[in-house]
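Examination of the molecular architecture
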Amino acid sequence: MGFVKVVKNKAYFKRFQVKYRRRLEGRTDYYARKRLIIQEKNKYNTPKYRMIVRFTNKDIICQIAYARIEGDYIICAAYAHELPRYGVKVGLTNYAAAYCTGLLLARRLLKQLKLDEIYQGQTKIDGDEFSNEDVDGQPGAFRCYLDVGLFRTTTGARVFGAMKGAVDGGLDIPHSNKRFPGFDGSEFKADVHKDHIFGKHVSDYMKQLEEEDDDAYKRQFSQFIKNGIKPDTVETMYKKGHAAIRSNPEAKAKVSKEVPKKRWNRSKMASLQRKDRVKQKKAAFLKKIQE
């Protein structure tokens, strides 16, 4: 077959449909979103909740949301930048911090809904598979679905750390252990996952780097050194952080900040003020000439 030139004619442009803005920006996977937000017809207007997990360079964002025609409604949120309140002052974007943020979200939401005493979650962290079952005679466990956005769902990815934290915190999120650290394709090793939750992979790397290149260690782990965190105390830091999150998960109230308004131009004057200003200028000029 010979070369065929593709001609975009009038019919092509008349029928052309512009994609959604967030698709053009590469921010939303609408194929996945449709399947996450569409509720079954026999459930009527019951919200279908999603656990949204997003990562930035310096923060982790975890939210519980549901969709409506006018947009998404966020009912609860937790952020990694809140973790210093609970004793986790460094490494705010690693797997262990993602677990802490997910745990904080779960405990905060359940306290908000007054379910925190009924669904305690996994209090003894072992890294193994765990799910929250409904308690007889009580409201059912809060069910939501993991929304990873455009994040790569590889084995050991941090999004699953946040999900595991939320599940251990008392939320009911359908999942399997095939994407947790420790799954090698045939079997799941809970000990490997537990080590990631407590930051052992970080402490091991700290020890290795300290032995190989002390200057690189001081440069890469400068904030750890500044806060007095050594490789042997990383696990203790996370254990204390988990306990602190469970004891008080509520969000800190915002402090109202009074900011004085700055004006960069002259305020508007009345007619009499303008005329008086002209008189003063004339008088000043005449006085200057006489001198």
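Let me sum up the structure you'll find in this document. (Residues numbered from 1 in each chain as written. Predicted model: local features only at pLDDT ≥ 70, side-chain atom pairs only at ≥ 80, totals over all residues. Heavy atoms only, no water.)

Counting secondary structure elements, the chain contains eleven helices and four strands. For the chain, whose C-alpha radius of gyration is 29 Å, the value lies well above the compact-globule estimate of 19 Å for 291 residues. Across the 291 residues that make up the chain, the buried fraction comes to 35%. For the chain, the computed accessible surface area is about 20,200 Å², with 51% contributed by carbon and sulfur atoms. (Helix = DSSP H or I, 4+ residues; strand = E, 2+ residues; numbered from the N terminus. Rg over C-alpha atoms; globule rule 2.2 N^0.38 Å. Buried < 20%, exposed > 50% of the residue type's maximum accessible area, 1.4 Å probe, protein only. Areas by Shrake-Rupley, 256 points an atom, 1.4 Å probe, with all protein chains shown as cover.)

With that settled, the discussion passes to the layout of surface pockets. In this structure, the largest pocket spans a volume of roughly 530 Å³. Looking at the largest pocket, it is lined by 20 residues, and the ones nearest its centre are Arg-22, Arg-27, Thr-28, Arg-54 and Asp-147. Secondary structure elements with two or more residues in the lining of the largest pocket: helix H2 (21–24), helix H3 (30–37), strand S1 (50–55), strand S3 (71–79) and strand S4 (145–147). For the lining of the largest pocket, the element with the highest residue contribution is H3, accounting for four residues. Residue composition of the lining of the largest pocket, by class: eight nonpolar, three polar and nine charged. Considering only enclosed or pocket space, the second largest pocket measures out at about 370 Å³ in volume. Lining the second largest pocket are 14 residues, with Ile-37, Ile-38, Ala-67, Arg-68 and Ile-69 sitting closest to its centre. (1 Å grid on protein atoms, 1.4 Å probe; cavity = no way out; pocket = protein on both sides within 12 Å on 5 of 7 lines; lining within 4 Å. Points joined across faces, edges and corners; volume = space filled by probe spheres on them. Nonpolar A, V, L, I, M, F, W, Y, C, P; charged D, E, K, R; others polar.)

With that out of the way, let us pick up unusual backbone geometry. Despite not being glycine, Tyr-44 has its phi angle at roughly 55 degrees, a positive value. Tracing the chain through its elements places Tyr-44 in the loop between H3 and S1. Tyr-44 sits in the exposed class, given a relative accessible area of 70%.

Let us look at the pairing of S3. With eight bridges joining them, strand S2 (residues 60–68) and S3 adopt antiparallel strand pairing. Bridged to Ile-61 within S3 is Tyr-79. What sits between S2 and S3 in their antiparallel hairpin is a turn of two residues. (Pairing = 2+ DSSP bridges.)

A cluster of acidic residues, Asp-126, Asp-128, Glu-129, Asp-191 and Asp-195, forms a negative patch on the protein surface. Residue position: Asp-191 is located in helix H6 (residues 190–197). (Patch = residues over 30% accessible without salt bridge, like charges linked within 9 Å, V, L, I, M, F, W, Y side chains within 5 Å. Salt bridge = Lys/Arg side-chain N within 4 Å of Asp/Glu carboxyl O. Lys, Arg positive; Asp, Glu negative; His and termini not counted. Charge placed at Lys NZ, Arg CZ, Asp CG, Glu CD.)

With that settled, the discussion passes to the side chain of Asn-132. By the element assignment, Asn-132 lies in the loop between helix H4 (95–112) and S4. A polar side-chain atom of Asn-132 sits 2.9 Å from the main-chain carbonyl oxygen of Val-167. Of note is the side chain of Asn-132, whose polar atom sits 2.7 Å from the backbone oxygen of Leu-171. Beyond its immediate sequence surroundings of up to four residues, Asn-132 is in contact with Gly-121, Ala-141, Val-167, Gly-170, Leu-171 and Asp-172. (Polar contact = N/O pair within 3.5 Å; in protein donor to acceptor, adjacent residues only side chain to side chain. Contact = heavy atoms within 4.5 Å.)

The grouping of Lys-268, Arg-274, Lys-275 and Lys-279 at the surface amounts to a positive patch. The residue Lys-275 is located in helix H11 (residues 271–290) in this model.

As a further point, take the nonpolar core. Counting 61 residues, the largest nonpolar core has Met-51, Leu-171 and Ile-173 as the members making the most contacts within it. No other element matches H4, which puts twelve residues into this core. (Core = buried A, V, L, I, M, F, W, Y, C linked by side-chain atoms within 4.5 Å.)

Here the focus is the state of the cysteines. Inspection of every chain in the model, using the stated rule, returns zero disulfides. In this structure Cys-62 is a free cysteine whose sulfur lies 10 Å from that of Cys-76, the closest cysteine sulfur available. Of all cysteine sulfurs, the one in Cys-62 lies closest to Cys-144, which takes part in no disulfide; the gap is 11 Å. (Disulfide = S-S within 2.5 Å.)

So, about the packing of H4 against H6. Close contact between H4 and H6 brings their axes to 7 Å; oriented N to C, the two are set at 85 degrees. By the angle class used here, H4 and H6 are roughly perpendicular. In contact with Tyr-95, Ala-96 and Tyr-99 of H4, H6 contributes His-193, His-196 and Ile-197. Considering only residue class, the contact of H4 with H6 consists of four nonpolar, two polar and no charged. (Axes fitted to C-alpha atoms, helices over the stretch in contact; angles between N-to-C directions. Parallel < 35°, antiparallel > 145°, perpendicular 65-115°, else oblique.)

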